[in-house]
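Read off the chains here:
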Amino acid sequence: MIIDIHGHYTTAPKALEDWRARQIAGLTDPSQAPKASDLSISDDALIESIETNQLAKMRERGLDLTVFSPRASFMAHHIGDFQTSATWAAICNELCHRVARLFPDHFIGAAMLPQSPGVDPKTCLPELEKCVTEYGVVAINLNPDPSGGHWTSPPLSDRSWYPIYEAMVAYDLPAMIHVSTSCNACFHTTGAHYLNADTTAFMQCLTSDLFKDFPTLKFIIPHGGGAVPYHWGRFRGLAQELKKPQLREHLLHNIFFDTCVYHQPGIDLLTTVIPVDNILFASEMIGAVRGIDPETGHAYDDTRRYIDATLNLSDEDRFKVYEGNARRVYPRLDRALKAKGR
Ligand SMILES: [Zn+2]
């Protein structure tokens, strides 16, 4: 089967966006603040938003299952305070859970966290635990920069993050390291901030001994790993200068890369440089790059084409990228599939 580990609910009914706009308006004018219960979206509306979008494309492209989380750019952890994020995360996680329940063969949930700049990450634990125990999520999205492009939080190796990691280890949950919208005019959200953050998160891990403290912790660096695969020699050389072990030993038991690189040469490079055991199929469809590539006539985010076409992978390798690695890195996903005989 083909598992896409990186999907967001980018096509949620507009009522969600309207509710969020009222929540934001309520920060300056409390009379406008909505209650969570003011948002009402029917199952039919959810079904239509998925069937005509993500599921239609999955069928067209032959993808079986998507790990589905709230829209990343809408997480916007920098807005309001912890309570703002807590209410918003609960709403978005519940919607993804409902999608997974309505389409159990095609979607399985991953949770966003109610992060807020300057707030202790351990405040996220109740939402995380609810999403695991009640919703059966198989992963979380962890934002290394809740400030939205100003990088006011300590690096991922800082002990303040450890309560999240302890929960991840206890629940067998990997985290996709995923920032949200940029509110820094210097960084375009999906063209700069996302890729900067992917690269930054990798380097934060490289300079630290985080995985000595958490040998089973697993991070997925999305968007093909940002600049990491392209500059692999630089990172290897830096690790050497810092007297760290070779990168395969130092980081590749714990760090994995997705395939959201939207052209063939990018996938060829990724699969040349990064060991196949560390590459997981993903498309982040109907996301940042929704157009058709005039050079190929196909959607940029139809990433299966690049995996199928690259000469770097054997059939056995392709099985790992499409399914085997996802089952290994997302143990709860594997268990959920096995419970259904898949
Ligand atoms: Zn994403």
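Parameters at a glance
Residues numbered from 1 in each chain as written. Predicted model: local features only at pLDDT ≥ 70, side-chain atom pairs only at ≥ 80, totals over all residues. Helix = DSSP H or I, 4+ residues; strand = E, 2+ residues; numbered from the N terminus. Rg over C-alpha atoms; globule rule 2.2 N^0.38 Å. Buried ≥ 20, exposed ≤ 12 C-beta atoms within 10 Å, placed from the backbone. Contact = placed C-beta atoms within 7 Å. UniProt positions renumbered as here; feature names shortened; annotations may be inferred. Arc of directions from axis to C-beta. Expected span 1.5 Å × (residues − 1). Core = buried A, V, L, I, M, F, W, Y, C linked by C-beta atoms within 7 Å. Pairing = 2+ DSSP bridges.

Enquirer: Whenever I open this one, the overall build of the protein confuses me. Can you help?
Expert: In terms of regular secondary structure, the protein is built from 15 helices and nine strands. Since a compact globule built from 342 residues should have a radius of gyration of about 20 Å, the 19 Å found for the protein is in line with a globular shape. Its C-alpha atoms put the protein at 55 × 45 × 40 Å along the principal axes. A burial count over the protein gives 45% of its 342 residues as buried. Sequence-distant contacts in the protein: of pairs separated by 6 or more residues, those separated by 24 or more amount to 77%.

Enquirer: Just to check I follow, could you spell out the UniProt feature "domain: Amidohydrolase-related" (unreviewed entry) in the protein for this structure?
Expert: UniProt annotation of "domain: Amidohydrolase-related" (unreviewed entry) refers to residues 3-331 when read in the numbering used here. The straight-line gap between the two end C-alpha atoms of residues 3-331 is 13 Å; of that span, 44% is helix and 10% is strand.

Enquirer: In this structure, what is going on with helix α7 (residues 162-171)? I would like to understand it.
Expert: Residue pairs three or four apart in sequence face the same way in an α-helix, which turns once every 3.6 residues. Looking at α7, one finds that the buried residues are Ile 164, Tyr 165 and Met 168. On an axial view of α7, the arc spanned by its buried residues comes to 95 degrees, and they lie on one face. Taken together, the buried residues of α7 touch β5 (140-142) and β6 (175-177). Asp 172 sits one or two residues past α7 and shows a positive phi near 65 degrees.

Enquirer: Just checking my understanding: could you explain helix α5 (residues 82-102) for this structure?
Expert: In this model, α5 (21 residues) spans 30 Å end to end at C-alpha, consistent with the 30 Å of a helix rising 1.5 Å per residue. Listing the buried residues of α5 in full gives Thr 84, Ser 85, Ala 86, Trp 88, Ala 89, Cys 92, Asn 93, Leu 95, Cys 96, His 97, Val 99 and Ala 100.

Enquirer: What is the right way to look at the nonpolar core in this model?
Expert: Within soluble globular proteins, side chains that are nonpolar tend to cluster in buried spots. One finds Val 99, Ala 139 and Leu 280 to be the most contacted residues of the largest nonpolar core, which totals 90 residues. In terms of residue count, the dominant contributor to this core is α5 (eight residues). In contact with Val 99, not counting residues within four places along its chain, are Tyr 9, Leu 46, Ile 50, Phe 68 and Phe 107.

Enquirer: Just checking my understanding: could you explain the sheet that holds strand β8 (residues 255-258) for this structure?
Expert: Strand pairs in the sheet, formed through backbone hydrogen bonds, run parallel or antiparallel to each other. A sheet is described by the order of its strands in space; here six strands give the open sequence β4-β5-β6-β7-β8-β9, paired in parallel fashion. Edge positions in the open sheet fall to β4 (111-112) and β9 (279-280), since each of these has one partner strand only. Where β5 lies against β6, three bridges are found, and the strand directions are parallel. Of the residues in β6, the one forming a bridge with Asn 141 is Met 176.

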